[in-house]
Amino acid sequence: MSLANKVKEHFAAEFGESPSFIARAPGRVNLIGEHTDYNDGFVMPLAIDRATFIALRPRADKRVLAISLDMDDRREFALDDLQQSAAPAWIDYLVGVAWSLQARGLVLRGWEGVVSGDVPIGAGLSSSAALELATARAFHCVSDFEWEAKRMALACQRAENEWLGVNCGIMDQMISASGVHDRALLIDCRSLETSSAPLPPGTAVVILDTGARRGLVDSKYNERREQCEAAARHFSIAALRDISSAEFMERAHELDELSRARARHVITENERTLQAREAMHAGDAAALGQLMIESHISLRDDFEVSSPALDAIVNCANADQSCFGARMTGAGFGGCAVALVAAEGAPAFVKRVKASYIAATGNQPALYITRASAGAETVYP
Ligand code: GLA
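Conventions we followed
Residues numbered from 1 in each chain as written. Predicted model: local features only at pLDDT ≥ 70, side-chain atom pairs only at ≥ 80, totals over all residues. Heavy atoms only, no water. Helix = DSSP H or I, 4+ residues; strand = E, 2+ residues; numbered from the N terminus. Buried < 20%, exposed > 50% of the residue type's maximum accessible area, 1.4 Å probe, protein only. Contact = heavy atoms within 4.5 Å. Polar contact = N/O pair within 3.5 Å; in protein donor to acceptor, adjacent residues only side chain to side chain. Phe/Tyr/Trp six-rings, centres within 6.5 Å; stacked < 30°, edge-to-face > 60°. Lys NZ or Arg CZ within 6 Å of the ring centre and 35° of its normal. Salt bridge = Lys/Arg side-chain N within 4 Å of Asp/Glu carboxyl O. Near = heavy atom within 4 Å. Areas by Shrake-Rupley, 256 points an atom, 1.4 Å probe, with all protein chains shown as cover.

A. Examining the environment of Ala-312 more closely. Along the polypeptide, Ala-312 turns up in helix α10 (residues 308-318). By relative accessible area, Ala-312 is classed as buried at 17%. Taking C-alpha positions, Ala-312 is 9.4 Å from Ser-356, a pair spaced 44 residues apart along the chain. If near-sequence neighbours (up to four positions away) are discounted, Ala-312 is found in contact with Tyr-357 and Thr-361.

B. Fine view of the side chain of Arg-24. With respect to the helices, strands and loops of the structure, Arg-24 is situated in strand β1 (residues 21-30). By relative accessible area, Arg-24 is classed as buried at 7%. In terms of polar contacts, Arg-24 uses its side chain to reach the side chain of Ser-373, at 2.7 Å. Ignoring any residue separated from it by four or fewer positions in sequence, one finds Arg-24 in contact with Ile-48, Ala-51, Thr-52, Phe-53, Ser-373, Ala-374, Gly-375, Ala-376, Glu-377 and Val-379.

C. Representation of the packing of aromatic side chains within the structure. Counted under the stated rule, the structure contains five aromatic pairs. A centroid spacing of 5.3 Å and a plane angle of 70 degrees characterise the contact between Tyr-38 and Tyr-221, whose relative ring orientation is edge-to-face. Separated by 183 residues along the polypeptide, Tyr-38 in the loop between β1 and β2 (42-43) and Tyr-221 in helix α6 (residues 217-234) bring together distant segments of the chain. Comparing Tyr-38 with Tyr-221, the two get one shared label, buried. Seen from their ring centres, Phe-235 and Phe-248 are 6.1 Å apart, and the 80 degrees between their planes marks the pair as edge-to-face. Here Phe-235, found in the loop between α6 and α7 (245-251), pairs with Phe-248, found in helix α7; they are 13 residues apart in sequence, far enough to count as distant. Residue class for Phe-248 comes out buried when judged on its relative accessible area of 2%. Between the NZ or CZ atom of Arg-50 and the centre of the ring of Tyr-368, over which it lies, the distance is 3.9 Å. When the ring centre of Trp-147 is taken as origin, the NZ or CZ atom of Arg-137, which lies over that ring, is 4.7 Å away.

D. Spotlight on the pattern of salt bridges. One pass over the structure, following the stated rule, counts 27 salt bridges. The shortest N-O distance in the salt bridge between Arg-277 and Glu-278 comes to 3.5 Å. Among the salt bridges present, the one from Arg-352 reaches Asp-320, with a minimum N-O distance of 2.7 Å. Residue Arg-352 is found in helix α11 (residues 346-361), and its partner Asp-320 is found in the loop between α10 and β10 (323-328); the two are separated by 32 residues along the sequence.

E. View of the site of the ligand. Every residue close to the ligand is listed here: Arg-28, Glu-34, His-35, Asp-37, Tyr-38, Cys-168, Gly-169, Met-171, Asp-172, Tyr-221, Gly-330 and Ala-331. In the model, an oxygen atom of the ligand is placed 2.6 Å from a nitrogen or oxygen of the Tyr-221 side chain. Here an oxygen atom of the ligand sits 3.5 Å away from a polar atom, N or O, in the main chain of Ala-331. Considered on its own, the ligand offers 310 Å² of accessible surface; in the complex 93% of this is hidden by protein.

So this is what it looks like as structure tokens:
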């Protein structure tokens, strides 16, 4: 049964009628452009065919009642009395989005409904952004405000930064809000302008979940951000986006070794992401794959956000005959890699890489062939 049908049926069983709306928002995988978003740089993610769904109907009393099928939990809150929690649980994503939308001056109506999703939690595929954007879309369904993807992404990012205390960039919320069916999306994380790019003909995107979960990711992520900001301050620029690699090469010796490596990753990654756009428009899978391979090396050696499990799965993928290129994706330290493969060979690629990765590490991976999907939307009525 599709997830839309699942939340619809549970809604009917719970509330005795069909839902008025079903909202949906996807997770994401990033093809290239990693750790560049908070440097005002470029990213090239795609919204995946895994998403969070909310079946709902409006309420007249400014309250939200949400039932999570995945958490087997039911929670309620009042829109005029939002409470922050010391240890955020799933419901706090909904509360945080309500807070952030109201902080923008939007007048929200309450609703009640059923939530379920198939973006794996904690795998680095942005299940949080999916839940946030699905919640924003649910409020849009019952309230009287315009849906503007960019504004919604910013509001959800603010919920995550300020309500949930996670210092993420804008990539995950932007792609969950703005994804385009069958395309990747180049996002300029400074202007938030987007333009879609096609996957090279005859290719498929495969997500490779190492099965290794991320530890200490928040503190290491924040440390990388600080290192990037310090390097930008050194060059008296607003963000590492503002220095070309030629200029950087000339002045790189001014930085200590560690800062130099961190900055070099961001500066070269921005260039690779723009080159990736060219490769995609030219339909050049080999060139795109090569850029992904170089991105991984830079993330592994200069930015140091890979892990033994990520390196192992990337090596297994890159060694396969069907693979154009693979790299870690998302924040790193565990979670998922992404590979560009020949579409015809994708099912066999999945089998072979699973086997070789298990043989190399003993970890149990999960590999999915994914398709680029649309961003947050109302799928019913
Ligand atoms: C996480 C963050 C994003 C981005 C990536 C790294 O997914 O949520 O904002 O910084 O890491 O590219």
